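Listed below are the residues making up each chain.
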Amino acid sequence: MSQLTDLTARRLAVAVADGQTSAVEATQAYLDAIASRDQAISAYNETFAERAIQQARSIDEARAKGAALGPLAGVPIAIKDNLATTFGRTTCSSKMLADFRAPYTATAVAKLEAAGAVILGKTNMDEFAMGSSTENSALGPTRNPWDTGRVPGGSSGGSAAAVAARLAAAAIGSDTGGSIRQPAAFCGVVGLKPTYGRVSRYGLVAYGSSLDQIGPMTRDVADAALLAGVIAGGDPRDSTCVDQSVPDYLASLETPIDGLRIGRPSEFFSEALDGEIAAAIEQACQVYRSLGATIVDVSLPHSRIDVDAKGQLSSYAVAAYYVVATAEASSNLARYDGVHYGHRTEDKVDDIVALYSRSRGEGFGDEVKRRIMLGTFALSSGYYDAYYNKALKVRRLIKNDFDTALTACDVLLAPVTPTPAFEFGEKTDDPLQMYLADVYTISANLAGLPALAIPAGLSAAGLPIGMQLIGPVFSEETLFRAAAMFEQAANLPDMKPPMIDESS
Amino acid sequence: MSPKIDFDLTRHIGLLSRLELSDDEVQALADHLAHILQYVDKLQELDTDNVEPMAHAVAIHNVLADDVIGQSLTPDAALANAPQRDGDFFKVPKVIGDSQ
């Protein structure tokens, strides 16, 4: 048997169920990998070694007694540190919540545990999920396992790096503007942003409530289908979570889609896109054609990406997003007041407004302050119509484009990022440059559509390249099947970072 | 289109945001906000006169729960993360001044 940490979640679950290995062995293998490699990566904010071994032991005991096992029994999983858990801390990689211990557990995490998953720990992220590189973490950045001089993407950078570096069999992230898909692409893993309302947000620390979704980050498409099936479904504790039955995503996965029509949004293939990424996606179109699919050109005019003479990108979607998301954030983050929980200033202050303002000024990092300020401005008297309302109208135009495009095809094929992973410090001086790292992912959040990022190859420099499939609402099953067709046929290089074999 | 984001307006937004900011922070934020809002002004190129604003991506409807007593947090659980407590209360500095 190959190394336990090289198995996908699905294979590992089968190996545990068949008795080829035990949940304790698998968990210990990951804890050992974390002990030897996470110093170089910093994927985890906190690990739960003792608790994880206990969980694993109870799964092994249940199996020994002949009890029915869940679909993830014995599979060690990492969760992003903005998902509430009654065990350990829930910090959002912020000084504001450095010691916060949640009084309840997020529904998605509870469902994973009910399915037998072993929770290894909480992963690093951009503070409050605001960022695209994990450089905004108050706990220090996570490094990309493919090149530790480069960012893993963000905000779910710790989860992506953990999966890529074999420090977890799979992970859970959250995606408000690309925070699952962009780091998945940078780290060479699979990441799903589900349809808005597919997965309960209960226990997900809110950033942009009309955009946030929790989703899986995995080594292959089958694992994403497996985890999505576990965490999806209605929840009375999230009124925006849609109570619609969850298909058995794995059951249909191996069945190719007959006559698949793939839409290629022409606006996404401009000079804004890195040449190697464009070539990889063109190659993917060839793979699909060889499988009998047809590629049709479609248009998303309001998701257009322009490039000016100085090489500066611009997009209506990014502009609308940074009004809508920050407006929602300014409201959501008002709860951190230094009174009920979270950081409180140690200074003597005279009144309650000073207590709020100083506690928040001390507890939040620069990017969080910037977004709260931007959102507060967009919602403030006199500017509400010009900014917030305008952005909501453009949001509808963006969604209408997708609705139209998706009448001509089953799924859209698009880049995930304009370039492969960038270097530390490359975009930290200019917030706008960082925002533009999400130029291809933001539209799906604004439109509420499911989008699945999968590896599409490696660049000449050996960095992962991703692509994404975007479909109509609740079309996750189609996305998984279409992605599995490519994964089976594409003959991609092994998506395992070289550092792993060098270090072991 | 965009208003002039100067030091004073940024300081005012800081107050509305309940963020205490140093002068250096205000100046840096003024520059960043001006830059970002100039970019956001791109939205004004689009004619949206007959477009309905879209606050949510999927149809949202009211969800009504049965009026039954369920489990809720105990006072100790609710206060467990409080920076300061006084019995079963969150403790804060004096909110109302002594003067009339």
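Conventions we followed
Residues numbered from 1 in each chain as written. Chains lettered and ligands numbered in written order. Predicted model: local features only at pLDDT ≥ 70, side-chain atom pairs only at ≥ 80, totals over all residues. Heavy atoms only, no water. Helix = DSSP H or I, 4+ residues; strand = E, 2+ residues; numbered from the N terminus. Buried < 20%, exposed > 50% of the residue type's maximum accessible area, 1.4 Å probe, protein only. Polar contact = N/O pair within 3.5 Å; in protein donor to acceptor, adjacent residues only side chain to side chain. Contact = heavy atoms within 4.5 Å. Axes fitted to C-alpha atoms, helices over the stretch in contact; angles between N-to-C directions. Parallel < 35°, antiparallel > 145°, perpendicular 65-115°, else oblique. Core = buried A, V, L, I, M, F, W, Y, C linked by side-chain atoms within 4.5 Å. Buried area = accessible area lost by both parts, 1.4 Å probe. Salt bridge = Lys/Arg side-chain N within 4 Å of Asp/Glu carboxyl O. Phe/Tyr/Trp six-rings, centres within 6.5 Å; stacked < 30°, edge-to-face > 60°. Arc of directions from axis to C-beta. Patch = residues over 30% accessible without salt bridge, like charges linked within 9 Å, V, L, I, M, F, W, Y side chains within 5 Å. Areas by Shrake-Rupley, 256 points an atom, 1.4 Å probe, with all protein chains shown as cover. Pairing = 2+ DSSP bridges. UniProt positions renumbered as here; feature names shortened; annotations may be inferred. Disulfide = S-S within 2.5 Å. Left-handed = near helix turned anticlockwise from the far one by under 90°. Nonpolar A, V, L, I, M, F, W, Y, C, P; charged D, E, K, R; others polar.

What about the side chain of Q213 of chain A?
All names here are of chain A.
- With respect to the element layout, Q213 can be found in strand β6 (residues 213-218).
- Using a relative accessible area of 0% as the deciding quantity, one classes Q213 as buried.
- A polar side-chain atom of Q213 sits 3.2 Å from the main-chain amide nitrogen of V199.
- Leave out the neighbours within four places in its chain, and Q213 touches G173, S174, D175, I180, K193, P194, T195, Y196, G197, R198, V199 and R201.

Here's the deal with the packing of helix α11 (residues 366-379) of chain A against helix α1 (residues 7-16) of chain B
- Remark: α11 of chain A packs on α1 of chain B, axes separated minimally by 9 Å, with the N-to-C direction vectors making an angle of 95°. In this view, α11 of chain A runs roughly perpendicular relative to α1 of chain B, as classed from their interaxial angle. Side by side, α11 of chain A and α1 of chain B meet where M373, T376 and F377 of chain A of the first sit next to L9, T10, I13, G14 and L16 of chain B of the second.

Considering the nonpolar core
Residue and element names in this part refer to chain A.
- Membership of the largest hydrophobic core comes to 120 residues, with the highest contact counts inside it found for F128, L260, Y288, F364, L412, M467 and F480.
- The leading source of residues in this core is helix α9 (residues 316-332), at 12 residues.
- Setting aside its immediate chain neighbours within four residues, M467 contacts I281, A284, Y288, L413, A414, V416, L452, A453, I454, A456 and F486.
- One finds A9, A29, L112 and A160 within the second-largest nonpolar core, a separate group that totals 63 residues.

Some points on the interface of chain B and chain A
- Taken residue by residue, the interface counts 54 residues in chain B and 70 residues in chain A.
- A buried area of about 5,400 Å², summed over both sides, lies between chain B and chain A, and 69% of it is on carbon and sulfur atoms.
- On the chain B side of the contact with chain A, Y39, M54 and N81 of chain B bury the most area, a combined 14% of that side's loss.
- One salt bridge in this structure joins K42 of chain B and D306 of chain A, with 3.2 Å as the shortest N-O distance.
- Counting across the interface, chain B meets chain A through 21 residue pairs in polar contact (both at pLDDT 80 or more).
- Mapped onto the side of chain B that touches chain A, the elements with two or more residues apiece are α1 and α2 (23-40) of chain B.
- The element contributing the most residues to the side of chain B that touches chain A is α2 of chain B, with nine residues.

Notes on the packing of aromatic side chains
All names here are of chain A.
- Following the criterion strictly, the structure yields 16 aromatic pairs over all chains and no others.
- For the ring pair F128 and F364, a centre distance of 5.8 Å and an interplane angle of 75° mean the geometry is edge-to-face. Of this pair, F128 sits in the loop between β3 (118-123) and α5 (157-164) while F364 sits in the loop between α10 (352-363) and α11; the two residues are 236 residues apart in sequence, bridging distant segments of the chain.
- On the basis of relative accessibility, which here comes to 3%, the residue F128 falls in the buried class.
- When the centroid spacing of 3.7 Å and the interplanar angle of 10° are considered together, the rings of Y322 and Y435 count as stacked.

Re helix α1 (residues 9-18) of chain A
Residue and element names in this part refer to chain A.
- Taken as a whole, α1 has its buried residues at A9, L12, A13, A15 and V16. Along the axis of α1, the buried residues cluster in a sector spanning 160°; they form a single face.
- In the segment just after α1, G19 is the residue with positive phi, at about 80°.

Re a nonpolar patch on the surface
Residue and element names in this part refer to chain B.
- On the surface, V92, V95 and I96 cluster together into a nonpolar patch covering about 280 Å² of accessible area.
- Mapped onto the elements, I96 comes out in the segment after β2 (89-90).
- When its relative accessible area of 70% is taken as the criterion, I96 is described as exposed.

Some points on the sheet that holds strand β13 (residues 464-470) of chain A
Residue and element names in this part refer to chain A.
- Taking strand neighbours across the sheet as the criterion, the 11 strands line up as β1-β3-β2-β4-β6-β5-β12-β13-β11-β7-β8 in an open arrangement whose pairing is mixed. Because the sheet does not close on itself, it has two edges, and the strands there are β1 (44-47) and β8 (294-298). When strand polarity is set aside, the average angle formed by the axes of neighbouring strands in this sheet is 30°.
- As defined by bridge partners, strand β2 (residues 76-80) adjoins β3 across five bridges and the pair is classed as parallel. Its bridge partner being in β3, A78 is matched across the sheet by G121.
- Across the face of the sheet, helix α2 (residues 23-41) comes into contact with β1, β2 and β3 while running at roughly 20° to β3.

Remarks on the UniProt feature "domain: Amidase" (unreviewed entry) in chain A
- UniProt's entry tags residues 25-479 of chain A with the feature "domain: Amidase" (unreviewed entry), counted in the numbering of this structure.
- In residues 25-479 of chain A, the share of helix is 36% and the share of strand is 15%. The end C-alpha atoms are 33 Å apart.

Some details on the pairing of β6 of chain A
Residues and elements named next belong to chain A.
- Among the six residues of β6, six are classified as buried, and the element is accordingly described as predominantly covered.
- Sheet analysis places strand β4 (residues 170-175) next to β6, joined by five bridges and oriented antiparallel. What sits directly across from A171, in β6, is M217.

A word on the state of the cysteines
Residue and element names in this part refer to chain A.
- Overall, the coordinates contain zero disulfides over all chains when judged by the stated rule.
- The thiol of C187 is unpaired, and the distance to the nearest cysteine sulfur, on C92, comes to 20 Å.
- Unpaired in terms of disulfides, C241 finds its nearest cysteine sulfur in C92, a separation of 20 Å.

What about the packing of helix α7 (residues 221-231) of chain A against helix α15 (residues 476-489) of chain A?
Residues and elements named next belong to chain A.
- Axis separation between α7 and α15 bottoms out at 9 Å; the angle between their running directions is 160°. Comparing the axis directions of α7 and α15 gives the class roughly antiparallel. Considering how the two elements wind past one another, α7 and α15 form a crossing that is left-handed. Along its contact with α7, which presents V221, A224, A225 and A228, the element α15 presents F480, A483, A484 and E487.
- Split by residue class, the contact of α7 with α15 holds seven nonpolar, no polar and one charged.

Thoughts on α7 of chain A
Residues and elements named next belong to chain A.
- Among the 11 residues that make up α7, 10 are buried, leaving the element largely enclosed by the rest of the structure.
- For α7, every residue scored as buried is listed here: V221, A222, D223, A224, A225, L226, L227, A228, V230 and I231.
- The N-cap residue of α7 is D220: its side-chain oxygen and the backbone nitrogen of A222 are 3.4 Å apart.
- Directly beyond the C-terminal end of α7, a positive phi value near 120° is found at G233.

Some words on the environment of V230 of chain A
Residues and elements named next belong to chain A.
- Among the secondary structure elements, V230 is positioned in helix α7.
- The spatial distance from the C-alpha of V230 to the C-alpha of Y249 is 9.9 Å, given a sequence separation of 19 residues.
- Excluding residues within four positions of it along the chain, V230 makes contact with P71, L72, K111, L112 and A115.

So, the pattern of salt bridges
All names here are of chain A.
- If you walk through the whole model with that rule in mind, you get 25 salt bridges over all chains.
- For K496, the salt bridge is made with D6, and the minimal N-O distance between the two is 3.0 Å. With K496 in the loop between α15 and α16 (498-503) and D6 in the segment before α1, this residue pair connects regions lying 490 residues apart in the sequence.
- Here K496 falls in the buried class, since its relative accessible area comes to 14%.
- Ionic pairing is found between E367 and R371, a salt bridge with its closest N-O pair at 2.6 Å. Within this pair, E367 and its partner R371 are both found in helix α11, separated by four residues, close to a single helical turn. Across the pair, R371 and E367 agree in class, each one buried.

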